[in-house]
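# Coordinate analysis (summary)
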Amino acid sequence: MISKKPLYPQRVRKINGSFAFIEHRFLRHGFWQELSHHELLLYIFLVLVADRKGLSYYSYDKICILLRISVDEYILARDALIEKDLIGFDGYLFQVLSLPDKPLTVGSKPLGSQQEMQQKDPATISQIIKEAFSK
């Protein structure tokens, strides 16, 4: 067993006022690795701003400003977190839910737009890179 002691004893964290938490299971049982960058960012944000029941009511525009993401990125992340059973949303109010027994893997959907093709299709991305270097 490793003996641990604080590196800065005068700076040991204390709970003052409100408190946010994420279960260790979130990392150890694979929830973290199932989320994209924007999904992680939004999830951690919602955990931080939620009350003791997991509720928060930040508007999408405020969330986008604070997280420095576009509305499209927000919508994709929000919908993915709902689909993965990590949050609930009624149009105004968010609820960070208790973790399901195991991470839900959501199947990929077909790429529907030119922008999605450029951002997510390996063949398209490869072609863009090849064209950029050939010029």
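One can find the structure itself at the top, above this paragraph.
Residues numbered from 1 in each chain as written. Predicted model: local features only at pLDDT ≥ 70, side-chain atom pairs only at ≥ 80, totals over all residues. Heavy atoms only, no water.

So, on to the side chain of Lys 84. Structurally, Lys 84 is set in the loop between α4 (71–83) and β2 (87–89). The buried category is assigned to Lys 84, whose relative accessible area is 10%. Here Glu 34 takes part through its backbone oxygen, which lies 2.7 Å from a polar atom of the side chain of Lys 84. Here Glu 39 takes part through its side chain, which lies 2.7 Å from a polar atom of the side chain of Lys 84. Residues in contact with Lys 84, not counting those within four places in the same chain, are Glu 34, Leu 35, Glu 39, Pro 100, Leu 104 and Val 106. (Helix = DSSP H or I, 4+ residues; strand = E, 2+ residues; numbered from the N terminus. Buried < 20%, exposed > 50% of the residue type's maximum accessible area, 1.4 Å probe, protein only. Polar contact = N/O pair within 3.5 Å; in protein donor to acceptor, adjacent residues only side chain to side chain. Contact = heavy atoms within 4.5 Å.)

For Arg 68, which is not glycine, the phi torsion reads 60 degrees and is therefore positive. Relative to the helices and strands, Arg 68 resides in the loop between α3 (60–67) and α4. Positive phi, close to 65 degrees, is recorded for Asp 85, a residue that is not glycine. Turning to its location among the elements, Asp 85 is positioned in the loop between α4 and β2.

This part is about the sheet that holds strand β1 (residues 55–56). Overall, antiparallel pairing links the three strands, which are arranged β1-β3-β2 in an open sheet. Each end of this open sheet is capped by a strand with a single partner; those strands are β1 and β2. Bridge count between β2 and strand β3 (residues 94–96): three bridges; the pairing is antiparallel. Within β3, the position partnered with Phe 89 by the bridge is Phe 94. This element, α4, spans β2 and β3 of the sheet and lies at about 115 degrees to β2. (Pairing = 2+ DSSP bridges. Axes fitted to C-alpha atoms, helices over the stretch in contact; angles between N-to-C directions.)

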